[in-house]
Amino acid sequence: MEYSQFLAMKQEIGLLVLFLVVFIYDIFMPRSAAKALPWVTAGLMTLVTVAGFFPCLLGTAGAVSVFDGMYVNSPILAAIKNILNIGVVIVLIQSVKWANNELMAMRRGEFYELLLVTLFGMYLMISARHFLVFIIGLESASLPLAAMVALDKNRYESHEAAVKYILTAVFSSAVFMMGLSFVYGLSGSLYFGKICEALAGPQCALMIVSLAFVIAGIGFKLSLVPFHLWTADVYQGAPTSVTSYLSVISKGAAAFAFMVILAQAFGCLYEDVWEWMLYAIIILTITVGNLFAIRQRNMKRFLAFSSISQAGYIMLGVIAANVMGTTAMMYYILVYIFSNLAAFGVAGAVENQCGKISIDDYRGMSRSNPRLAFCMMLAMFSLAGIPPFAGFFSKFFIFTAAINQDSIAIYVLVLIALINTIISLFYYLLVVKSMYITPGEPVVGRFKSSAGERIGLIITVAGILLLGVVSPVYNWLENIASSSEFLSLFAR
């Protein structure tokens, strides 16, 4: 094996170097310098993100396939990884106060080390072109998350959430690999491209079952209905910083990986098998997520069901199965990162200050903490898709990409999604109503959020406002997605 092939994994190598720096800093730096670890990690992660964007912006990077085609890197995949990096940087900044409290002092380093390991696994999932590499990435991204969920050792809910997460992850991985065993038996290979070639032609019942198992395994990571039952309990029990990471970074990576697997390994089965599977899953995911979100009073459970519904909208980009759909999905996830992290930033600031996590506790916040209330209002408007905020344009692009197929079935699917968008307006505006309209004295008194929380909210609010009016971002993503290498993903 040529060890020079590892040089193609530039972003993965950068992440591993960052992990080693954080690990060494955590072990050897004196206790007086330990509180600087969150800022050091956030700063270095920012540098890794900026460095990752240069090849994409300059157009100097080309598609590279190494390890006998098991790993691929290209401008579009680098851009996808950098979109995730943006969310990670925001999460790291927002988590500074929580990581530096007395209860987390002994586990501060573990949080950042586990986070970087999971991100490395997500990188592998995105670049994998062989299911062995994909499984390594999937487990690297899943198992450390269970430890992150259980980091708050003084809360029973955190332990319960970790147990639920690890058990569900184990069962979903078992189902996924059961499906892969069927796929291997039918195709004789674990390479995405060779599987697609072998499966072209008449389909048997075993092939349909095996693909259903594969979709179920990845559906767990995306919280697609009916594989979503772990989401609300885990989001509620996990520390808020971990929940925010789960809700955007893990979901975004799984969506991209899901798209690549379906297009490259099972693209030949699109019209016969997985198109109708995804139709049913998308309708259930959007509808169930919206209906259950209406009933929630706990803010973290509320955002959990909101994220389930958002996953259904993200999957519309996969259904589109073209460059326009891929661009819309990338843009949607970028906007979702800013919008959802803005909501979690406010929820985390309130919880860190006074331990309040109920929507009813936000009553009168516009009077006691007008800036936080304004940030939460913008986040809710963007998640609901109210113009002129970024969430409106992300939904517009993803709906446009979906109906571009000119099919009666897709028209019905988009119509159901639009009706659900109206339903989502109701429950998102319930939070705004509690902050601005509901009478009574404010439950949460006036307080000053930490520097990290303020910086994180400034970044997210800027993203919500600017992504709705700055078209070059969408155009840049479209130019990358239009590359010849990426068009090959959708060869049927």
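Heads up: the structure comes first, above all this text.
Going along each chain's sequence as written, the residues are numbered from 1 onward. Reporting in this predicted model follows two pLDDT cut-offs: at least 70 for local features of residues, and 80 or more for side-chain atom pairs to be given and counted; totals over whole chains, interfaces and linings ignore these cut-offs and use all residues. For the side-chain quantities, the full set of heavy atoms in the structure was used; hydrogens and water were omitted.

K.L.:
How should I be thinking about unusual backbone geometry in this particular structure?
P.N.:
Most of the time, phi is negative for any residue but glycine, and the peptide bond is trans. Omega for the peptide link from Val225 to Pro226 comes to 10°, which places this bond in the cis form. Considering the arrangement of structural elements, one finds Pro226 in the loop between helix 10 (205-222) and helix 11 (231-237). For the peptide bond that leads from Pro387 to Pro388, omega is 5°, which places it in the cis range. Positionally, Pro388 belongs in the loop between helix 17 (370-384) and helix 18 (390-403). The backbone of Asp68 sits at a positive phi, close to 60°, despite the residue not being glycine. We call a residue buried when its accessible area falls under 20% of the maximum for its residue type, exposed when it is over 50%, and partly exposed in between, using a 1.4 Å probe and counting protein chains only. Residue classification places Asp68 among the exposed residues on the basis of a relative accessible area of 66%. With phi around 60°, Ser223 is a residue other than glycine that occupies positive phi space. Helix and strand assignments come from DSSP, with helices taken as H or I runs of at least 4 residues and strands as E runs of at least 2, each series counted from the N terminus. Tracing the backbone shows Ser223 in the loop between helix 10 and helix 11.

K.L.:
What should I look at first to understand the packing of helix 15 (residues 323-354) against helix 20 (residues 451-466) in this one?
P.N.:
How two helices sit against one another is set out by the angle between their axes and by the gap between those axes. Following both chains from N to C, one finds helix 15 and helix 20 inclined at 155°, their axes separated by 8 Å at the closest point. Judged by the angle between their axes, helix 15 and helix 20 are roughly antiparallel. Like other packed secondary-structure pairs, helix 15 and helix 20 cross with a definite hand, here left-handed. Residue-level inspection shows Phe338, Ser339, Leu341, Ala342, Gly345, Val346, Gly348, Ala349 and Asn352 of helix 15 in contact with helix 20, the latter providing Glu453, Leu457, Ile459, Thr460, Gly463 and Ile464. In the scheme used here, Gly and all other residues not listed as nonpolar or charged are polar, with Ala, Val, Leu, Ile, Met, Phe, Trp, Tyr, Cys and Pro taken as nonpolar and Asp, Glu, Lys and Arg as charged. For the contact of helix 15 with helix 20, a count of residues per class yields eight nonpolar, six polar and one charged. Interaxial angle, 0 to 180 degrees, is taken between N-to-C directions of lines fitted to C-alpha atoms, where a helix line uses only the stretch in contact. Angles are sorted into four bins: roughly parallel if under 35 degrees, roughly antiparallel if over 145, roughly perpendicular if 65 to 115, and oblique for all others. For a crossing to be left-handed, the near helix must be turned anticlockwise from the far one by less than a right angle; the clockwise case is right-handed. Whether two residues are in contact is decided by their heavy atoms, any of which lying within 4.5 Å being enough.

K.L.:
Please clarify how the packing of aromatic side chains should be interpreted in this entry.
P.N.:
For any pair of aromatic rings, the description rests on two quantities: the centre-to-centre distance and the angle between the ring planes. Aromatic rings from Phe, Tyr and Trp, with only the six-membered ring used for Trp, were paired whenever their centres fell within 6.5 Å, and each pair was classed as stacked if the ring planes differed by under 30 degrees, edge-to-face if by over 60, and tilted otherwise. The tally for this structure, following the rule as stated, stands at 23 aromatic pairs. Ring centres of Phe134 and Phe176 lie 5.6 Å apart, and the angle between their planes is 45°; this geometry places the pair in the tilted category. Of this pair, Phe134 sits in helix 7 (residues 131-149) while Phe176 sits in helix 8 (residues 156-187), and the two are 42 residues apart along the sequence. A relative accessible area of 1% places Phe176 in the buried class.

K.L.:
Whenever I open this one, the side chain of Gln11 confuses me. Can you help?
P.N.:
Of note, Gln11 is situated in helix 1 (residues 10-28). Polar contacts, as counted here, are pairs of nitrogen or oxygen atoms within 3.5 Å of one another; within protein the pair requires one atom able to donate a hydrogen and one able to accept it, and residues that are adjacent in sequence qualify only if both atoms are side-chain atoms. A distance of 3.4 Å separates the side chain of Gln11 from the backbone oxygen of Ala78, its partner in a polar contact. Apart from residues no more than four positions distant in its own chain, Gln11 is found in contact with Gly52, Asn73, Ala78, Lys81, Asn82 and Tyr123.

K.L.:
Is there a simple way to think about a nonpolar patch on the surface in this case?
P.N.:
Residues enter patches when they are more than 30% accessible in relative terms and free of salt bridges; like-charged ones are connected within 9 Å and nonpolar ones (Val, Leu, Ile, Met, Phe, Trp, Tyr) within 5 Å. Surface accessibility follows the Shrake-Rupley procedure with a 1.4 Å probe radius. Residue values consider only the protein chains on display as shielding. The salt bridge criterion pairs a side-chain nitrogen of Lys or Arg with a carboxyl oxygen of Asp or Glu, the two atoms within 4 Å. Taken together, the side chains of Phe6, Leu7, Ile13, Val17 and Val21 present a nonpolar region at the surface, about 400 Å² in accessible area. The topology assignment puts Phe6 in the segment before helix 1.

K.L.:
Looking at this structure, I do not really get the pattern of salt bridges. What am I missing?
P.N.:
Tallying each qualifying case throughout the model produces five salt bridges. The shortest N-O distance in the salt bridge between Lys164 and Glu160 comes to 2.9 Å. Pair noted here: Lys164 and Glu160 are both in helix 8, with a separation of four residues, about one helical turn. Across the pair Asp233 and Lys164 runs a salt bridge, and its minimum N-O distance is 2.9 Å. With Asp233 in helix 11 and Lys164 in helix 8, this residue pair connects regions lying 69 residues apart in the sequence.

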